[in-house]
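Close look at the chain arrangement
Each chain, letter by letter, is given below.
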Amino acid sequence: MSTHTTESADRIFIDKQSPTAYRALVQTAEAVREIAAGAGLDRTLVELVNLRVSQINGCAYCLNVHTRAAARAGESTQRLGVLAAWRDTELFTPDERAALALAEATTDPGDATLQETAYDTAREVLTDDQISAVIWVAVTINAFNRVSIMSKHPVRPQ
């Protein structure tokens, strides 16, 4: 039995238990980061996608990590605060709105109509490379969310 558990629950930290698989996921994330940059996606947009997906999935650990990353990339406190209700504000650009909708559709693809609407909107304002990159960012953060949620990675005070 592994000794990699959290204080609050008897959970295996699967990233520590299976480091080869976790390293492969990290390498995928690094490749996706390069693809996003190459497609011209701003780092703040990538972090907004990471945060929105993590909000949907309820991943406290990833929300903590990516809120700090977004702030380091220059994202405003106001936009971070209203991200969960992005549709109800005028604070996000058409590209960001398209990326957020596409990320939501990738995270919860069960609603085919919503998925098609998000994809159609993305096609209006994003390039094919940007659409692919946004979907890959969403796929990757979804995977990290599940690693952290199932491992119960703790969020510690700073």
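First, a word on scope: everything that follows refers to the structure included in this document. (Residues numbered from 1 in each chain as written. Predicted model: local features only at pLDDT ≥ 70, side-chain atom pairs only at ≥ 80, totals over all residues. Heavy atoms only, no water.)

**Section: the overall build of the protein**
Summing up its helical and strand segments, the protein has eight helices and zero strands in all. Moving toward the C terminus, one meets the helices and strands of the protein in the order α-α-α-α-α-α-α-α. Here the C-alpha radius of gyration of the protein, 16 Å, is about what a compact globule of 158 residues would show, namely 15 Å. Its C-alpha atoms put the protein at 50 × 30 × 30 Å along the principal axes. (Helix = DSSP H or I, 4+ residues; strand = E, 2+ residues; numbered from the N terminus. Rg over C-alpha atoms; globule rule 2.2 N^0.38 Å.)

**Regarding the packing of aromatic side chains**
The full count for this structure, using the stated rule, is one aromatic pair. On the numbers, 5.9 Å between centres and 85 degrees between planes, the contact of Tyr22 with Phe144 is edge-to-face. In this pair, Tyr22 is assigned in helix 2 (residues 19-38) and Phe144 in helix 8 (residues 128-151), connecting sequence segments 122 residues apart. Taking relative accessible area as the criterion, Tyr22 reaches 28% and is therefore assigned partly exposed. (Phe/Tyr/Trp six-rings, centres within 6.5 Å; stacked < 30°, edge-to-face > 60°. Buried < 20%, exposed > 50% of the residue type's maximum accessible area, 1.4 Å probe, protein only.)

**Quick word on the pattern of salt bridges**
Oppositely charged side chains can form a pair if their charged atoms are brought close together. In total, this model carries six salt bridges according to the counting rule given. Between Arg79 and Glu96 there is a salt bridge, with its nearest N and O atoms 2.8 Å apart. With a gap of 17 residues between them, Arg79 in helix 5 (residues 77-82) and Glu96 in helix 6 (residues 94-107) connect regions that are remote in the sequence. A relative accessible area of 13% means that Arg79 is categorised as buried. Residue Glu96 is classed as buried on the basis of its relative accessible area, which comes to 9%. Across the pair Arg123 and Asp128 runs a salt bridge, and its minimum N-O distance is 2.4 Å. Accessibility expressed as a relative area gives 46% for Arg123, which makes it partly exposed. Taken together, the salt bridges that share partners define one network made up of Arg52, Arg87 and Glu104. (Salt bridge = Lys/Arg side-chain N within 4 Å of Asp/Glu carboxyl O.)

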